[in-house]
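If you want the building blocks of each chain, they are given just below.
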Amino acid sequence: MAAPTYNTTVERGATFELTVTYKDASGTVINLTGWVPRMQVREAPTSSVILTSEGGSPTITVTTTNAATGILVFSISPTNTTAISPTTLTTAYYDIEIQQTSTGVVRRILQGKLNISPEITHA
């Protein structure tokens, strides 16, 4: 099954948060115990990484709020949403994958575009 597409907006200079509940095609929640989630944001699908949850900077924080119920939260701090540059960038691309620790199997569970809303008020 192909990963679903979800397009959303990131406001530069504000906290971004995306909560994902992983379910199968019939709507049954998938237990994520033993799976490691990861997310990357890029200007284009083949360009350099802008944000990542896999170490480095700037970073995306991933929290598995309840592995048994398939709930993941991806968040980006205001400092790191500001790192989405240049300021003329209006769209970026992301995907979310999970990797099973015991077998190395990787599944893409979500993908899409991030519309970048420019920051007007600066601290």
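This is a predicted model, so every value here is computed, not measured.

**Considering the sheet that holds strand β6 (residues 71-76)**
One open sheet accounts for three strands, arranged β2-β6-β5; its pairing is antiparallel. Each edge of the open sheet carries a strand with a single partner, namely β2 (16-21) and β5 (61-66). Averaged over all neighbouring strand pairs, the angle between strand axes comes to 20°, with direction disregarded. Both β5 and β6 contribute to a ladder of five bridges, which runs antiparallel. Looking at the pairing, V62 lines up with F74 of β6.

**Regarding the sheet that holds strand β4 (residues 49-52)**
Read from one edge to the other, the open sheet built from five strands follows the order β1-β8-β7-β3-β4, with strand pairing classed as mixed. Looking at which strands have only one partner, the edges of the open sheet turn out to be β1 (8-11) and β4. In this sheet, neighbouring strand axes are inclined to one another by 30° on average, regardless of whether the strands run parallel or antiparallel.

**Digging into the layout of surface pockets**
A volume near 230 Å³ is recorded for the largest pocket. Lining the largest pocket are 13 residues, and of these Q40, R42, P45, Y94 and D95 sit closest to its centre. Residue assignment for the lining of the largest pocket shows that the elements contributing at least two residues are β3 (35-42), β7 (91-100) and β8 (106-117). The class makeup of the residues in the lining of the largest pocket is four nonpolar, three polar and six charged. In this model, the second largest pocket occupies a volume close to 160 Å³. Breaking the lining of the second largest pocket down by element, the ones donating at least two residues are β2 and β8. The element contributing the most residues to the lining of the second largest pocket is β8, with four residues. Residues that form the lining of the second largest pocket fall into these classes: nine nonpolar, one polar and four charged.

The rules behind the values
- Once a new chain begins, its residue numbering starts again from 1 and follows that chain's sequence as written.
- Per-residue local features of the predicted model are confined to residues with pLDDT of at least 70, and side-chain atom pairs are confined, for both listing and counting, to 80 or more; whole-chain, interface and lining totals are unaffected and use all residues.
- Only hydrogens and water are set aside; all other atoms, that is, all heavy atoms of the structure, feed into the side-chain values.
- At least two DSSP bridges between two strands are needed for those strands to be called paired.
- Counting from the N terminus, the helices are the DSSP runs of H or I reaching at least four residues and the strands are the DSSP runs of E reaching at least two.
- Helix axes use the C-alpha atoms of the stretch in contact, all axes being lines fitted to C-alpha atoms, and the angles between their N-to-C directions lie in the range 0 to 180 degrees.
- Buried and open spaces are told apart on a 1 Å grid over the protein atoms alone, a cavity being a set of points where a 1.4 Å probe fits but cannot get out and a pocket being an open set with protein on both sides within 12 Å along at least five of seven lines. Residues with an atom within 4 Å of a point are the lining residues.
- Grid points are joined across faces, edges and corners, and a volume is the space filled by probe spheres set on the points.
- Ten residues, namely Ala, Val, Leu, Ile, Met, Phe, Trp, Tyr, Cys and Pro, are considered nonpolar, four, namely Asp, Glu, Lys and Arg, are considered charged, and the remaining ones, Gly among them, are considered polar.

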